[in-house]
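# Inside the fold
Listed below are the residues making up each chain.
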Amino acid sequence: MIAEAWTIDSLREGSNWLAHPARVMTICAIGLVAGLWWYRVWTRPRWAALLLGGLLAVVTLAGLDPVLRDKVCRPDNLAILLLVLLLCFFVWRGLRQAAVNDDRAERGEPPFEAGADDKVLTWPHLVFLELVALVACSAFLVIWSLLVRAPLEPPADLETVLNPAKAPWYFVGLQELLVYFDPWLAGVVLPVVMVVGLSALPYLDRNPRGSGYYTLRERPLAVSVFLAAFILLWMLPILVGTFLRGPNWTLYGPFEPWDPHTESPAELVNLSAMVWGERSEMEAGFGAEAALWRPVVRELPGIVLLGFYFLVMPWVLSRTAWRGLRERMGSVRYLVFSVLLMGMGLVPAKMLLRWLLDVRYIVALTEWSLNI
Amino acid sequence: MLTAAGVGWTALTLGGTVGVLGVPRLLAPNVTAEPEVLVDIGELAGYAQVSLGTVDERFKRQGFWVVRLPEGLVALSTSCTHLGCLLNWDDRDGRFKCPCHGSGFDLAGVNREGPAPRPLERLRVTVEDGRVIVDGRRRFRGERGEWGHSESMVRLEPSAES
Amino acid sequence: MMGMLRRLGESIRASQLWRSVFRQGIPRDRRSRVLAVMGNVFLHLHPPELRRSGVRLSFTWCLGGLTFFLFLVEAVTGILLMFYYRPVAEYAYHDMVGLRGHVSFGLLREIHRWGAHLMVITCWLHLLRVFLTGSYRPPREFNWVVGVCLLVLTMLMSFTGYLLPWDQLALWAVTVGTNMAAAAPWLGSEGPGSSLLAVEGIPLVHPGSDVRFALLGGVAVGPAALMRFYVLHCVALPVLAGVLMAVHFWRIRRDGGISGPL
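Source: prediction; values computed, not measured. (Residues numbered from 1 in each chain as written. Chains lettered and ligands numbered in written order. Predicted model: local features only at pLDDT ≥ 70, side-chain atom pairs only at ≥ 80, totals over all residues. Heavy atoms only, no water.)

Check the secondary structure of chain A and you find 16 helices and three strands. Dimensions of chain A along its principal axes, counting C-alpha atoms only, are 75 × 65 × 45 Å. Buried residues in chain A amount to 45% of all 372 residues. Partitioning the intrachain contacts of chain A with sequence separation of at least 6 by distance along the chain shows that 72% fall at a separation of at least 24. Taken as a whole, chain A presents about 18,700 Å² of accessible surface, with 72% of it coming from carbon and sulfur. Here chain A holds 31 positive side-chain charges and 33 negative ones, and the gap between their average locations is 10 Å. (Helix = DSSP H or I, 4+ residues; strand = E, 2+ residues; numbered from the N terminus. Buried < 20%, exposed > 50% of the residue type's maximum accessible area, 1.4 Å probe, protein only. Contact = heavy atoms within 4.5 Å. Areas by Shrake-Rupley, 256 points an atom, 1.4 Å probe, with all protein chains shown as cover. Lys, Arg positive; Asp, Glu negative; His and termini not counted. Charge placed at Lys NZ, Arg CZ, Asp CG, Glu CD.)

A word on the confidence of the model for chain A. Confidence in the prediction of chain A, expressed as mean pLDDT, is 87, and 93% of residues score 70 or more. Of all helices and strands in chain A, the one with the weakest mean pLDDT is helix α12 (residues 280-284) of chain A (47), whereas helix α2 (residues 21-37) of chain A scores best (94). (pLDDT = per-residue confidence, 0-100.)

At the junction of the two partners, chain B supplies 30 residues and chain A supplies 40 residues. Overall, the association of chain B and chain A removes approximately 2,800 Å² of surface from exposure, summing both partners, and the carbon and sulfur fraction of that is 47%. Among the residues chain B hides against chain A, the three largest losses belong to Arg61(B), Pro99(B) and Arg112(B). Together they make up 19% of the total. Where chain B touches chain A, the interface holds two salt bridges. The shortest N-O distance in the salt bridge between Asp157(A) and Arg61(B) comes to 3.1 Å. On the surface where chain B and chain A come into contact, there are nine residue pairs in polar contact (both at pLDDT 80 or more). Listed by contribution, the elements that provide at least two residues to the side of chain B that touches chain A are β5 (88-90), β6 (95-97) and β8 (111-113) of chain B. For the side of chain B that touches chain A, the residue count by class is nine nonpolar, eight polar and 13 charged. (Buried area = accessible area lost by both parts, 1.4 Å probe. Salt bridge = Lys/Arg side-chain N within 4 Å of Asp/Glu carboxyl O. Polar contact = N/O pair within 3.5 Å; in protein donor to acceptor, adjacent residues only side chain to side chain. Nonpolar A, V, L, I, M, F, W, Y, C, P; charged D, E, K, R; others polar.)

Sheet strands line up and pair through hydrogen bonds in the backbone, either parallel or antiparallel. Residues and elements named next belong to chain B. With respect to topology, four strands assemble into an open sheet ordered β5-β6-β7-β8, the strand pairing being antiparallel. Looking along the sheet, the strands with just one partner apiece sit at the ends: β5 and β8. Pairing geometry for strand β7 (residues 104-105) and β8, over two bridges, is antiparallel. Counterpart to Gly104 in the pairing with β8 is Glu113. (Pairing = 2+ DSSP bridges.)

It is worth spelling out the interface of chain A and chain C at this point. When the parts come together, some accessible area is lost, and that loss is often what is quoted as the size of the interface. The partner chain C presents 85 residues to the 94 residues of chain A that form the contact. Taken together, both faces of the contact between chain A and chain C bury some 8,500 Å²; the carbon and sulfur share is 72%. Summed over the three residues of chain A that lose the most area to chain C, namely Trp123(A), Leu152(A) and Tyr214(A), the buried surface amounts to 8% of that side. Run the count over chain A and chain C and you get three salt bridges. Between Arg137(C) and Asp205(A) there is a salt bridge whose closest N-O contact spans 2.9 Å. Applying the counting criterion to the chain A and chain C interface returns 33 residue pairs in polar contact (both at pLDDT 80 or more).

Once that is clear, we can look at the domain arrangement of chain A. Residues and elements named next belong to chain A. One can read the domain layout of chain A as domain 1 (1-111 + 124-150 + 165-262) and domain 2 (266-372). Measuring from the centre of the C-alpha atoms in domain 1 to the corresponding centre in domain 2 gives 29 Å. Contacts between domain 1 and domain 2 engage 22 residues on the former and 22 residues on the latter. Sorting the residues of domain 1 by area buried against domain 2 places Tyr180, Phe181 and Leu204 first, and these three jointly supply 31% of that buried surface. (Domains from an automatic or database assignment.)

Given a rise of 1.5 Å per residue, 27 residues ought to cover 39 Å, and the 36 Å separating the end C-alpha atoms of helix α16 (residues 331-357) of chain A matches this to within 8%. By the largest-angle criterion, Leu346(A) marks the main kink of α16(A), which is about 30°, and a proline, Pro348(A), follows within four residues. (Expected span 1.5 Å × (residues − 1). Bend = angle between axes of the 7 residues up to and from the residue.)

Written as structure tokens, this is what we have:
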């Protein structure tokens, strides 16, 4: 009995330790790489069923814990759970179909979806399929609405605030990014980069193969970058922000109860202060009238670092590892692609700096509200 | 220039420019119903008795705390310099904490934790006939070196007990 | 008895009224099935013929169609909600509470809210499906861009709707959201570059003149912001989304329906 309790407690503590975003992110990244590497193995129905069974077992076990259940079972979180389930399913189905098509391609057969001449009439084939989907969706929505009331918090009041105050779930990922970046970056530049990057996809991805059917072997770069962005940088922050952030937006393990009085997290320092080792000057401020170059000089380490990251690295890569890619894409496309990709990479890079070195900003031109 | 196409394109460009510049202007009202913050927070003599490090939460609705620092009395804005969430005073930690993104500020309003890029703003405080008046229209920003301004703080002698 | 019913049915289908509405009977042969799709304003969204693989459920999962359907659900429940809701700071919250009891079944708000969540989900998954099947390749590139715009609009519609209950969650979520606008470079008073835009020391971009002010109609979330978000949520964004959807569907149709291997 005592031994059992000890095991469960240590499991809980282990999970709490593992649930730090740095570790979760690493685990998920490794999982994604492994999943893409061995996609022909694990997507086989038997393996996938095994994985699903394991997942359900873990979820059921975790759901027995009242603390976690209290955090997860909130009306607005149902949508997240539904999305996670559907996402797992669609990623599995997509990669499964890709594995089937890639096997066929290796045998010299056309993809599963091929057969341009094999046509069917819209009426009745598509029309009735749509009708069934529509009725099923309506039924699902009505049942959902019957079972779960839409939540309503206390009336708007400028004197008090919910703690933690969370954005609607589809924006929680963005809110989680805001912890690491200045608002002008996380709130304006990053969303714009996301939208522009998504829109630019068809103009950057000039690969003629893999059009109109599921495949991974014929477009490995495109699929892995997209899945990494979608899962690691969009879905994962939503989960972290929703389930691991408690009062004062502090990190809590899944089995840790929320408590509004927690110890303050580590003090953060700007990169310039780490290099020059001075903080007092920054606090006093240079004043708006101070010479323009003084803050720039102070922030030189960060500026040089970012310059290296955004300018030198793509250039070096285009000469070495990505030489072929650059030649295939052409200079303009490669330039846009590398800026977008580096912008995407800045997100986990900044997170790492925060977790490992407690860095607040790489460049802190606070005088001009320009922090990176 | 005076061809139909020329006139058409000129009209389109002018119209487009006026539209693009004008519509945003129409979005911004010339008058708003928001009250201006000019609050009489009481006798200066009363505040002189207060012990160091006290945070007066009575004026949170008006958007500021009255904080007794060693050098004097300041009115700290209650909105986070990160994205404007309402902060909470955590007296156990001695920090103003943000429930939205986890920023934390110390008693003087200096940003210590989380993403907040700059210290809390201090509202203008003046003394008229022995009463302290807080004026929300003028704000002093530490990172711009404005905390040295005489109206950013009511100077007080360190209280007797300290 | 059955014979009478059948004769009644036949005479109804033979009447002038019936035939003026439905020009042909139930399409049973190939020709009439093609005509049924081409001659109907709603169905002609689809080409009369489609590749077999595209129609398979496991290829599209009907995600795009479901997103559109959910948009319609949101429009209908939204109009019904507008009958009961006043976007005024004094009334808004009470009208929300009232919806629970004053309306039969009390389901309106639930369907609207969960439907919106479902629409965001189907929209994201539709994006994933279209990406994984490589369906943005020429000639469909621009339609992908239109789709991305629709995705952004879907999220903006959800976000503007978030303020309308006028509860605590709404107030602070929108405060944060609009403060992000104030951080926009050059255009927002808190953003980089705005402090450089000044004439003789008087700033051009200040809290009373920046993007946030235009969004909220004030410097903080208040009654003016509620009205603005209401109008954006109920009129401006849905109309814009409707126009883009028409473009989106039209282009799918022109590019030969659901994509497939070349």
